[in-house]
Amino acid sequence: MNIRPRRFDHPDAVKLNDQVQLEYAVRYGDGGDLTYLDPTMFDPPHGLYLLAYDEQERPVATGGWRTQDRNPEGYADGDAEIKRMFVIPEGRGRGLARRMLAALEDDARAAGRVRMVLETGDQQPEAIALYTSSGYTVCAKFGHYREYESSICMAKPLRQP
């Protein structure tokens, strides 16, 4: 597996984003994630977007982080927010999400961020299990879906106190 930085508007990123949106629509019975994401939000040093490719150079996993600081949506200064973590169905069960998550955490830490945060939903038990086993704990809600009952917000310190 080869993990590479890509822009959020790269054709392979768009392809996987379309797939994850379809999965969200099926799981939640809605139009997918409506959080506004501008491709520049993931540009270093304020973020990073990664794609994993298989041996045939097919995109199989994606994930990114973007800088967040204190704002009315409930973020705190120093936050880095995980967005669009996704592994295509054929690529699941091979540790790709865990590798992607670790790479994003390392990059956010190197960029000086102090806490990694993410929002997932109650219809994504696989994601909840991944994040819990990776040291994330439930935290106060933030972001676009902070008022939704199905929303689960989690956080993990990127630096030791």
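Residues numbered from 1 in each chain as written. Predicted model: local features only at pLDDT ≥ 70, side-chain atom pairs only at ≥ 80, totals over all residues. Heavy atoms only, no water.

Per an unreviewed UniProt entry, the protein chain goes by GNAT family N-acetyltransferase and derives from Streptomyces microflavus.

Draft legend 1. A look at helix α1 (residues 11-28). The terminal C-alpha atoms of α1, which comprises 18 residues, lie 26 Å apart, in line with the 26 Å expected from a rise of 1.5 Å per residue. Among the residues of α1, those classed as buried are Ala13, Leu16, Asn17, Val20, Gln21 and Tyr24. On an axial view of α1, the arc spanned by its buried residues comes to 150 degrees, and they lie on one face. Projecting away from the buried face of α1 at angles above 90 degrees are the exposed residues Pro11, Leu22 and Val26. Where the residues of α1 are buried, they touch β2 (47-53), β3 (59-68) and β4 (79-87). With its phi angle positive at about 65 degrees, glycine 29 sits one or two positions after the end of α1. (Helix = DSSP H or I, 4+ residues; strand = E, 2+ residues; numbered from the N terminus. Expected span 1.5 Å × (residues − 1). Buried < 20%, exposed > 50% of the residue type's maximum accessible area, 1.4 Å probe, protein only. Arc of directions from axis to C-beta. Contact = heavy atoms within 4.5 Å.)

Draft legend 2. Representation of helix α2 (residues 96-110). Between its terminal C-alpha atoms α2 stretches 21 Å, which fits the 21 Å expected from 15 residues at 1.5 Å a residue. All of the buried residues in α2 are Leu96, Met100, Leu101, Leu104, Glu105 and Ala108. Burial along α2 is one-sided: seen end-on, the buried residues are contained in an arc of 165 degrees. Within two residues after α2, glycine 112 carries a phi angle of roughly 95 degrees, on the positive side.

Draft legend 3. Main features of the sheet that holds β2. Ordered by their spatial adjacency, seven strands build an open sheet running β1-β2-β3-β4-β5-β7-β6, and the pairing between neighbours is mixed. Here the strands that pair on one side only, and so sit at the sheet edges, are β1 (2-5) and β6 (137-138). Strand direction decides the pairing type here: β4 and strand β5 (residues 115-121), joined by three bridges, are parallel. Within β5, the residue paired with aspartate 79 across the bridge is arginine 115. Sheet strands touched by α2: β1, β2, β3, β4, β5 and β7 (151-157). Its angle to β3, the strand with the most contacts, is close to 30 degrees. (Pairing = 2+ DSSP bridges. Axes fitted to C-alpha atoms, helices over the stretch in contact; angles between N-to-C directions.)

Draft legend 4. Inspection of the nonpolar core at higher detail. In terms of nonpolar packing, the biggest core is built from 35 residues, with Ile82, Met85, Leu104, Met116 and Tyr131 touching the most fellow members. Mapped onto this core, the elements with two or more residues apiece are α1, β2, β3, β4, α2, β5 and α3 (125-133). Excluding residues that lie within four positions of it along the chain, tyrosine 131 makes contacts with Ile82, Met85, Leu101, Leu118, Tyr136 and Met154. Judged by nonpolar contacts, the second largest core, of six residues, contains Val117, Phe142, Cys153 and Ala155. (Core = buried A, V, L, I, M, F, W, Y, C linked by side-chain atoms within 4.5 Å.)

Draft legend 5. Region of the structure containing the packing of α2 against α3. Between α2 and α3, the shortest axis-to-axis distance is 11 Å and the interhelical angle comes to 50 degrees. In this view, α2 runs oblique relative to α3, as classed from their interaxial angle. Remark: the crossing between α2 and α3 carries right-handed chirality. On α3, the residues that touch Ala97, Arg98 and Leu101 of α2 are Leu130, Tyr131 and Ser133. For the contact of α2 with α3, a count of residues per class yields four nonpolar, one polar and one charged. (Parallel < 35°, antiparallel > 145°, perpendicular 65-115°, else oblique. Left-handed = near helix turned anticlockwise from the far one by under 90°. Nonpolar A, V, L, I, M, F, W, Y, C, P; charged D, E, K, R; others polar.)

Draft legend 6. Spatial organisation of the pattern of salt bridges. Inspection of every chain in the model, using the stated rule, returns 15 salt bridges. The partner of aspartate 54 in a salt bridge is arginine 58, with the nearest N and O atoms 2.7 Å apart. For aspartate 54, a relative accessible area of 7% gives the class buried. Residue arginine 58 is classed as partly exposed on the basis of its relative accessible area of 47%. Among the charged side chains, a network of salt bridges with common partners joins Glu23, Arg27, Arg92 and Glu126. (Salt bridge = Lys/Arg side-chain N within 4 Å of Asp/Glu carboxyl O.)

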